[in-house]
Amino acid sequence: MGTPSISGIFSGVGRILVRAGSTPDLAGQTVAASMCNVAWEWDFDTHTLTIDDGNLYPSQIAPPLFNHCVGYTIRRPGGGAQPIPFVDNLDGTYTVPYQFTITNAGVQAAQADTTIRLEISLLHDCSSSMPPGEGTLNRISVTTVEDFWRGIPGRPFPSGSPGQFFLNATPSWEGCGMWPPETK
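Note that the structure is predicted; figures quoted are calculated from it, not measured. (Residues numbered from 1 in each chain as written. Predicted model: local features only at pLDDT ≥ 70, side-chain atom pairs only at ≥ 80, totals over all residues. Heavy atoms only, no water.)

(A) Examining the overall build of the chain more closely. Looking only at helices and strands, one finds zero helices and 12 strands in the chain. Walking the chain from its N terminus toward its C terminus, one meets helices and strands in the order β-β-β-β-β-β-β-β-β-β-β-β. Looking at the chain as a whole, 42% of its 184 residues qualify as buried. Intrachain contacts of the chain at a sequence separation of at least 6 include 59% that bridge at least 24 residues. Approximately 8800 Å² of the chain is accessible, and the part contributed by carbon and sulfur atoms is 53%. (Helix = DSSP H or I, 4+ residues; strand = E, 2+ residues; numbered from the N terminus. Buried < 20%, exposed > 50% of the residue type's maximum accessible area, 1.4 Å probe, protein only. Contact = heavy atoms within 4.5 Å. Areas by Shrake-Rupley, 256 points an atom, 1.4 Å probe, with all protein chains shown as cover.)

In structure tokens, the structure reads:
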């Protein structure tokens, strides 16, 4: 269960996964993922997110768009600059509307405006000298909520038209080990 009404700024890293959704033999399987952690900053006081661009690497079952490393960007819907505003749903989940763009050798290959619903939990530090459940609440955990389509985490992108996604490609975000920055 997530934590509603978090406050403060948390910097850290996350991971982007893209799952297939439309064919029974691939449904829910990861077709691409960011191999390295992606830097992001969650500002719960202004309800904004800043997230770095990155690369997605194919899995062994990757379809054509993901059969080699591709770049991605995450922006405000319509392509606006970051930071990206998000909504605290007051139930431990947070909704982020965003635009996801895949680039292949610097050329736009697919793009869609969508939303993602995340469960974000405020966690105690991991100090081994502290009893479980005690200590400073100084980390957050981010997980995509199973939402909208066949129990696969995330909401599928539009598919089937030129420049769009295929297989009902469904992104999910996850992150852990995040902490408030020392200075702002």
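(B) How the structure looks around the nonpolar core. Counting 30 residues, the largest nonpolar core has W42, F44, L56, I74, V96, I120 and W173 as the members making the most contacts within it. Put simply, the parts of the chain that give this core at least two residues each are β1 (9-19), β3 (38-43), β4 (48-51), β6 (70-75), β9 (93-104), β10 (107-124) and β11 (137-144). A per-element tally of this core places β9 first, with five residues. Beyond its immediate chain neighbours, meaning those up to four positions away, V96 contacts W42, L49, I84, F86, T114, T115, I116, L118 and W173. (Core = buried A, V, L, I, M, F, W, Y, C linked by side-chain atoms within 4.5 Å.)

(C) Structural context of the packing of aromatic side chains. Counting across every chain of the model gives 11 aromatic pairs. Here the aromatic rings of F44 and Y94 are separated by 5.5 Å at their centres, their planes lie at 75 degrees, and the arrangement is edge-to-face. Taken together, the residues F44 in the loop between β3 and β4 and Y94 in strand β9 connect sequence positions 50 residues apart. For the pair shown, F44 and Y94 are each scored as buried. Taken together, a centroid distance of 6.0 Å and an interplanar angle of 75 degrees make the contact between F86 and Y94 edge-to-face. Assigned by exposure class, F86 and Y94 land together as buried. These aromatic residues form a ring-pair network of at least three members: F10, W40, W42, F44, Y72, F86, Y94, Y98, F100 and W173. (Phe/Tyr/Trp six-rings, centres within 6.5 Å; stacked < 30°, edge-to-face > 60°.)

(D) Representation of the pairing of β1 in the model. The buried fraction of β1 amounts to nine of the 11 residues, a majority that puts the element mostly inside the structure. Across six bridges, β1 lies against β3 in antiparallel orientation. The residue of β3 that forms the bridge with I9 is D43. (Pairing = 2+ DSSP bridges.)

Everything listed here is a matter of geometry and, on its own, says nothing about what the molecule does.
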